[in-house]
Amino acid sequence: MEILLIIVSAIFVNNIVLAQFLGICPYLGVSSKLSTASGMSAAVCFVITLATLVTYLLNKYLLLPFGLEFLQTIAFILVIAALVQMVEIVLKKVSPSLYQALGIFLPLITTNCAVLGVAINVVTKEFTFGLPSHMLGLGEAVLYAFATSLGYGLAMVLFAGLREHLALNDVPKSFRGVPIALITVGILAMAFMGFSGIA
Amino acid sequence: MEDKTMSKFQLITKGLVKDNPTFVLLLGMCPTLATTTSAVNGLSMGLATLFVLVLSNMAISAIAPVVPDKVHIPVYIVVIATFVTILQLLMQAFTPGIYATLGLFIPLIVVNCIVLGRAEAFASKHSVGDSALDGLGVGLGFTLSLTVIGLVREILGSGSAFGWKFLPGDGMLAFVMAPGAFLVLGYLMVLFNKYLAKK
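All values derive from a computational prediction rather than experimental measurement.

(A) The overall build of chain B, seen in detail. Check the secondary structure of chain B and you find 8 helices and 2 strands. Starting at the N terminus and walking to the C terminus, you meet the elements of chain B as α-α-α-α-α-α-α-β-β-α. Relative to the compact-globule value of 16 Å for 199 residues, chain B shows a C-alpha radius of gyration of 17 Å, a close match. Judged by the C-alpha coordinates and their principal axes, chain B covers about 60 × 45 × 25 Å. A total of 199 residues make up chain B; the buried ones form 52% of that total. Here the analysis covers contacts within chain B between residues at least 6 apart in sequence; of these, 72% occur between residues at least 24 apart. On chain B, roughly 8,700 Å² of surface is accessible, and the fraction owed to carbon and sulfur atoms is 74%. Within chain B, one finds 12 positive and 9 negative side-chain charges whose respective centroids are separated by 5 Å.

(B) Expanded view of the pattern of salt bridges. Residues and elements named next belong to chain A. Following the criterion strictly, the structure yields 2 salt bridges over all chains and no others. Residue arginine 176 is joined to aspartate 170 by a salt bridge in which the shortest nitrogen-to-oxygen separation is 3.9 Å. Residue class for arginine 176 comes out partly exposed when judged on its relative accessible area of 46%. Judged by its relative accessible area of 71%, aspartate 170 is exposed.

(C) Broad picture of the packing of helix α8 (residues 138-166) of chain A against helix α9 (residues 178-193) of chain A. Residues and elements named next belong to chain A. Orientation of α8 relative to α9, taken along the N-to-C sense of each, is 130°, at an axis distance of 11 Å. Taken together, α8 and α9 sit at an angle that is classed as oblique. In this structure, α8 meets α9 at a crossing whose hand is right-handed. Only Ile180, Ala181, Thr184, Val185, Leu188 and Phe192 of α9 make contact with α8, whose side of the interface consists of Leu154, Ala155, Leu158, Phe159, Leu162, Arg163 and Leu166. When the residues that make up the contact of α8 with α9 are grouped by side-chain class, the tally is 11 nonpolar, 1 polar and 1 charged.

(D) α9 of chain A, seen in detail. The end-to-end C-alpha separation of α9 of chain A is 22 Å, in line with the 22 Å expected for 16 residues at 1.5 Å each. Residues of α9 of chain A that are buried: Val178, Pro179, Ala181, Leu182, Ile183, Thr184, Val185, Gly186, Leu188, Ala189 and Phe192 of chain A. Contact partners of the buried residues in α9 of chain A: α1 (2-13), α2 (24-29) and α8 of chain A together with α8 (178-198) of chain B.

(E) Up close: the packing of aromatic side chains. For the structure shown, the criterion picks out 6 aromatic pairs over all chains. Measuring from ring centre to ring centre gives 6.0 Å for phenylalanine 175 of chain A and tyrosine 187 of chain B, while their planes differ by 85°; the resulting arrangement is edge-to-face. Of this pair, phenylalanine 175 of chain A sits in the loop between α8 and α9 while tyrosine 187 of chain B sits in helix α8, each in a different chain. Residue classification places tyrosine 187 of chain B among the partly exposed positions, given a relative accessible area of 44%. Ring centres of phenylalanine 192 of chain A and phenylalanine 195 of chain A lie 5.3 Å apart, and the angle between their planes is 65°; on these two criteria the pair is classed as edge-to-face. Residue classification places phenylalanine 192 of chain A among the buried residues on the basis of a relative accessible area of 8%.

(F) Inspection of the layout of surface pockets at higher detail. Its volume calculated, the second largest pocket comes out at about 390 Å³. Lining the second largest pocket we find 25 residues, and of these Cys25, Pro26, Thr111 and Asn112 of chain A together with Cys113 of chain B sit closest to its centre. Top contributing element to the lining of the second largest pocket by residue count: helix α6 (residues 113-121) of chain B, with 4 residues. When the residues that make up the lining of the second largest pocket are grouped by side-chain class, the tally is 18 nonpolar, 6 polar and 1 charged.

(G) Representation of the packing of helix α7 (residues 128-158) of chain B against α8 of chain B within the structure. Residues and elements named next belong to chain B. The contact between α7 and α8 brings their axes to 10 Å, and the two run at 120°. Classed by the angle they form, the pair α7 and α8 counts as oblique. At the point where α7 passes α8, the crossing takes the right-handed sense. Packed against α7, whose contacting residues are Val148, Ile149, Val152 and Arg153, the element α8 presents Gly180, Ala181, Val184, Leu185 and Leu188 at the interface. Here the contact of α7 with α8 is composed, by residue class, of 7 nonpolar, 1 polar and 1 charged.

(H) Spotlight on the interface of chain B and chain A. Taken together, the 35 residues of chain B in the interface contact 33 residues of chain A. Both faces considered, chain B and chain A share a buried interface measuring about 2,900 Å² in area, 87% of it formed by carbon and sulfur atoms. For the pair chain B and chain A, the interface holds 0 salt bridges. On the surface where chain B and chain A come into contact, there are 2 residue pairs in polar contact (both at pLDDT 80 or more). Residue assignment for the side of chain B that touches chain A shows that the elements contributing at least two residues are α2 (29-34), α4 (72-94), α6 and α8 of chain B. Of the residues forming the side of chain B that touches chain A, the biggest block, 12 residues, is contributed by α8 of chain B.

The rules behind the values
- Residues numbered from 1 in each chain as written.
- Chains lettered and ligands numbered in written order.
- Predicted model: local features only at pLDDT ≥ 70, side-chain atom pairs only at ≥ 80, totals over all residues.
- Heavy atoms only, no water.
- Helix = DSSP H or I, 4+ residues; strand = E, 2+ residues; numbered from the N terminus.
- Rg over C-alpha atoms; globule rule 2.2 N^0.38 Å.
- Buried < 20%, exposed > 50% of the residue type's maximum accessible area, 1.4 Å probe, protein only.
- Contact = heavy atoms within 4.5 Å.
- Areas by Shrake-Rupley, 256 points an atom, 1.4 Å probe, with all protein chains shown as cover.
- Lys, Arg positive; Asp, Glu negative; His and termini not counted.
- Charge placed at Lys NZ, Arg CZ, Asp CG, Glu CD.
- Salt bridge = Lys/Arg side-chain N within 4 Å of Asp/Glu carboxyl O.
- Axes fitted to C-alpha atoms, helices over the stretch in contact; angles between N-to-C directions.
- Parallel < 35°, antiparallel > 145°, perpendicular 65-115°, else oblique.
- Left-handed = near helix turned anticlockwise from the far one by under 90°.
- Nonpolar A, V, L, I, M, F, W, Y, C, P; charged D, E, K, R; others polar.
- Expected span 1.5 Å × (residues − 1).
- Phe/Tyr/Trp six-rings, centres within 6.5 Å; stacked < 30°, edge-to-face > 60°.
- 1 Å grid on protein atoms, 1.4 Å probe; cavity = no way out; pocket = protein on both sides within 12 Å on 5 of 7 lines; lining within 4 Å.
- Points joined across faces, edges and corners; volume = space filled by probe spheres on them.
- Buried area = accessible area lost by both parts, 1.4 Å probe.
- Polar contact = N/O pair within 3.5 Å; in protein donor to acceptor, adjacent residues only side chain to side chain.

Here it is as structure tokens:
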């Protein structure tokens, strides 16, 4: 039951883009085509899950025992930057085709605030998910991160689909580009607000 | 991109309209959307970013000549993360209320592309004094846009301005929540485009 709640809550109710405003820059940047949008979502999904696993362990076994919580921000961003670099090198060797497909999106993920945001959230915030409010365990944290990144992918793919249709329309001059995109996201976010009834 | 003839005064004012980080350059979207639930919140987020921008610009312009080119991005990120940590500790000590409201978005200043963008595009090539002024200008532009967005959302969403309530009732709640952020930013951008097109 708790697992189901974590998944539904992370994907729909607290959607990372449409309710938490994380990772907006790549969201607006690469969502004009469906294919690039799904590539980016896959890369983000991979990095968020891995980064949360590593930073969670780092926080629990290194920062907390030595009373170094104030170094969280610096330590996490370094870990994420190193991790992205590593993922890039490994992918290049193991699966050149996937590496090609993800292309420039991989290095960009370092500065995607969704990654750092989720990593910080799972170690500092208390969650409920149908239980009394508690700090997340490792399994829950990783599951939450994975589900959150699925939510990112969902929002991205939905929006890319909308934008492909939008490109064919005659939009007034001052609305062209980002303004109309933002207004569209606004309406999409309104639709997602409906999910908060589930929680 | 900046030419040598730009006066000290222009360094500060260019961030307000011509190179406005939010409406023209579209940088730092996540904090822009997430923290502008009221004018005061927008203002505090803007000032927090301003603090980091000025200090990191100064530090980076001072160390830029001795940083090897290959590792300059990681070095800049560490410098920025250091100032963000200082800001976090200062805010926890002196303004715990605001720190709690802005929450996650204070540590996320590390991945705000405005800060790294200015470090890369301006501070690494200019003197310490000019970099401080540039940070101040861009920071003020960011603060101004966040305050305006916050003000519009607060007026529409809760019928008050800077906490001063002048309309009875609750206002349109959607504007304080996620969809309102996207819609208000989208429509303000349209107005900004119209204004720039007229000039």
